[in-house]
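Observations on the three-dimensional arrangement
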Amino acid sequence: MRTKIVMAAQTANQHSEFLILPGGKILAHNITPAMAKILSELDPDDEPMRRRANPKIISKDNELPS
Amino acid sequence: MICAAPEKFSTHAQSRPALARERARSARGLLADCRLCAHNCGVNRLAGETGLCHAGADVHFFSAQTEVSDELELMPTFSVALSGCDMRCDFCITGKESWNPRAGAGFSAVEIAAQAEAALANGAKSIMVLGGEPTIHLPAALEFVAHLPADAKLIWKTNAHGSAQARGLLDGIFDVWLADFKFGNDACAQRLAKTPDYVRVVRVNLLWANDHSELIVRHLLMPGHVECCWQPVAEWLAENLPGVKVNLRSGFWPAWHARRHGELINPISMGENEMAFRLARELGINLIP
């Protein structure tokens, strides 16, 4: 597998970086709340990202997603 | 070489901001003979000399924003990333800033603390100081804490390569140590991060951090390094820090100079990822998301 593209998104002194793999998987770091919402909307089935996009719904035990 | 016992600094009943202010003064003076990290260079940074980290007395930062990338129990966190690092990880995801202590903008503890306080008011749960490696900028990091609310939850994100002197200055300041344990053997640490005596130094720091604060250990899975790095890390954690929270991260990407190393040109494979998590379960590692 080869990496395809690295992008940085920056607005108003905030930035996130993400790497899109050929298979469509997206790796990200420095995820801001706004970027988490976008990534969550791109893949609504991504439970971990949904939890990052909506931090208030995190349960106390913070169980690992299956 | 580092001393086993941290140096003693004042811990008498002071508020955290007052304690941090006092420690910041001590730490700044120690830059004249800098031994904050385990490289133990002994250079006079106040006089313009630089050691392996290339940092002088001034401090730059390359990011200060609220993020949701970190452990779920910590986020949202207002993260302040100081430029420069004492390690030279070829795969560093912030290599441009971590290898250059003059990258980014000049750091003002007062201004960034005001931003952090505003972030707390807007829902951030914690404030994180990271790098690069913040240990090399201890005076500024402590000055930053001195300007933060006394009850803010503070996280020290570190490569765990600090000295006994640094640990003494940090004692009682941060609520959580979020510490990397990147390599399971010294050969990989030397080859990929130009850091000698790595494993011993990190172990000393982790044991100390566990005794003096809450500790969360991070390990970034690297392709081709599950057996040589993750396995010994996991086995040591299981034996010496049973139950410690561990965030096993599988988001490696071939950043910075990773392509200097053949095994690091790709993300972690699904097979290696599964092997790593299976090993963690078998050893009873307390994984957190």
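A tally of helices and strands in chain A yields 2 helices and 3 strands. Order of helices (α) and strands (β) in chain A, N terminus to C terminus: β-β-β-α-α. Taking all 66 residues of chain A together, 20% fall into the buried category. Long-range contacts, defined as pairs at least 24 residues apart, comprise 2% of the intrachain contacts of chain A with a sequence gap of at least 6.

Looking only at helices and strands, one finds 9 helices and 9 strands in chain B. For 289 residues, the compact-globule estimate of 2.2 N^0.38 gives 19 Å, and chain B sits close to it at 18 Å. When its C-alpha atoms are laid out on the principal axes, chain B stretches across 50 × 40 × 35 Å. Here chain B holds 289 residues, and the buried ones make up 54% of them. In chain B, the proportion of contacts linking residues at least 24 apart, taken out of those at least 6 apart, comes to 73%.

With that settled, the discussion passes to the packing of helix 1 (residues 16-30) of chain B against helix 4 (residues 138-146) of chain B. Residues and elements named next belong to chain B. In contact at an axis separation of 7 Å, helix 1 and helix 4 are set at 160° when each is read in the N-to-C sense. Looking at the two axes, helix 1 sits roughly antiparallel to helix 4. Of the two elements, helix 1 crosses helix 4, and the hand of that crossing is left-handed. Between helix 1, through Arg16, Pro17, Ala20, Arg21, Arg23, Ala24, Ala27 and Arg28, and helix 4, the contact on the second element is made entirely by Leu138, Pro139, Leu142, Glu143, Val145 and Ala146. Per-class residue counts for the contact of helix 1 with helix 4 are 9 nonpolar, no polar and 5 charged.

So, on to the sheet that holds strand 1 (residues 60-67) of chain B. All names here are of chain B. Spatially, 9 strands are ordered 3-1-2-4-5-6-7-8-9 in an open sheet, and the strand pairing comes out mixed. This sheet does not close on itself; its edge strands, each paired only once, are strand 3 (105-106) and strand 9 (286-287). The pairing of strand 1 with strand 3 spans 2 bridges and is antiparallel. Each residue of the ladder has a partner; that of His60, found in strand 3, is Gly106.

Sheet analysis places strand 2 (residues 14-20) of chain A next to strand 3 (residues 26-29) of chain A, joined by 4 bridges and oriented antiparallel. When the bridges of strand 3 of chain A are listed, A:Ile20 appears paired with A:Ile26.

Further remarks concern the confidence of the model for chain B. In this model, chain B carries a mean pLDDT of 95, and residues with pLDDT of at least 70 account for 96%. For this predicted complex, the interface confidence score (ipTM) comes to 0.85, while the overall pTM stands at 0.92.

Residue and element names in this part refer to chain B. An ideal rise of 1.5 Å per residue puts 21 Å on 15 residues; helix 7 (residues 198-212) measures up with 21 Å between its terminal C-alpha atoms. Of the residues making up helix 7, those classed as buried are Tyr198, Val201, Val202, Val204, Asn205, Leu206, Trp208 and Ala209. The inward-facing, buried residues of helix 7 abut helix 5 (164-170), strand 6 (176-180), helix 6 (186-193) and strand 7 (214-220).

Another point: the packing of helix 8 (residues 226-240) of chain B against helix 9 (residues 270-282) of chain B. All names here are of chain B. At a minimum axis distance of 10 Å, the contact between helix 8 and helix 9 shows a crossing angle of 20°. In terms of axis orientation, helix 8 runs roughly parallel to helix 9. Crossing hand, helix 8 versus helix 9: right-handed. Of helix 9, the residues touching helix 8 (which contributes Val226, Trp230, Gln231 and Ala234) are Glu272, Met275, Ala276, Leu279 and Ala280. Tallied by class, residues from the contact of helix 8 with helix 9 come to 7 nonpolar, 1 polar and 1 charged.

All names here are of chain B. When you tally the buried positions in helix 4, you get 9 out of 9 residues, the bulk of the element. Listed as buried for helix 4 are Leu138, Pro139, Ala140, Ala141, Leu142, Glu143, Phe144, Val145 and Ala146. Buried-residue contacts for helix 4 involve helix 1, strand 2 (77-82), helix 3 (109-121), strand 4 (126-130), strand 5 (154-158) and helix 5.

A few words now on the confidence of the model for chain A. All names here are of chain A. For chain A, mean pLDDT is 76; residues scoring 70 or higher make up 65% of the total. The least confident element of chain A, judged by mean pLDDT, is strand 1 (residues 5-11) at 58; the most confident is helix 1 (residues 33-42) at 93. Below pLDDT 50 for its whole length, residues 58-66 participates in 11 contacts with residues either more than four positions away or in separate chains.

Turning next to the pairing of strand 7 of chain B. All names here are of chain B. Counting buried positions along strand 7 gives 6 out of 7 residues, so the element sits mostly inside the fold. Inspection of the sheet shows strand 6 paired to strand 7 by 5 bridges, in the parallel sense. Considered in strand 7, the bridge of Ala179 is made with Val217. One ladder, built from 5 bridges, connects strand 7 with strand 8 (residues 245-249); its direction is parallel. When the sheet's bridge partners are listed, Leu220 is paired in strand 8 with Arg249. Crossover handedness for the path strand 7 to helix 8 to strand 8: right-handed.

Calculation criteria
Residues numbered from 1 in each chain as written. Chains lettered and ligands numbered in written order. Predicted model: local features only at pLDDT ≥ 70, side-chain atom pairs only at ≥ 80, totals over all residues. Helix = DSSP H or I, 4+ residues; strand = E, 2+ residues; numbered from the N terminus. Buried ≥ 20, exposed ≤ 12 C-beta atoms within 10 Å, placed from the backbone. Contact = placed C-beta atoms within 7 Å. Rg over C-alpha atoms; globule rule 2.2 N^0.38 Å. Axes fitted to C-alpha atoms, helices over the stretch in contact; angles between N-to-C directions. Parallel < 35°, antiparallel > 145°, perpendicular 65-115°, else oblique. Left-handed = near helix turned anticlockwise from the far one by under 90°. Nonpolar A, V, L, I, M, F, W, Y, C, P; charged D, E, K, R; others polar. Pairing = 2+ DSSP bridges. pLDDT = per-residue confidence, 0-100. Expected span 1.5 Å × (residues − 1). Right-handed = clockwise from strand over helix to strand, strands pointing away.

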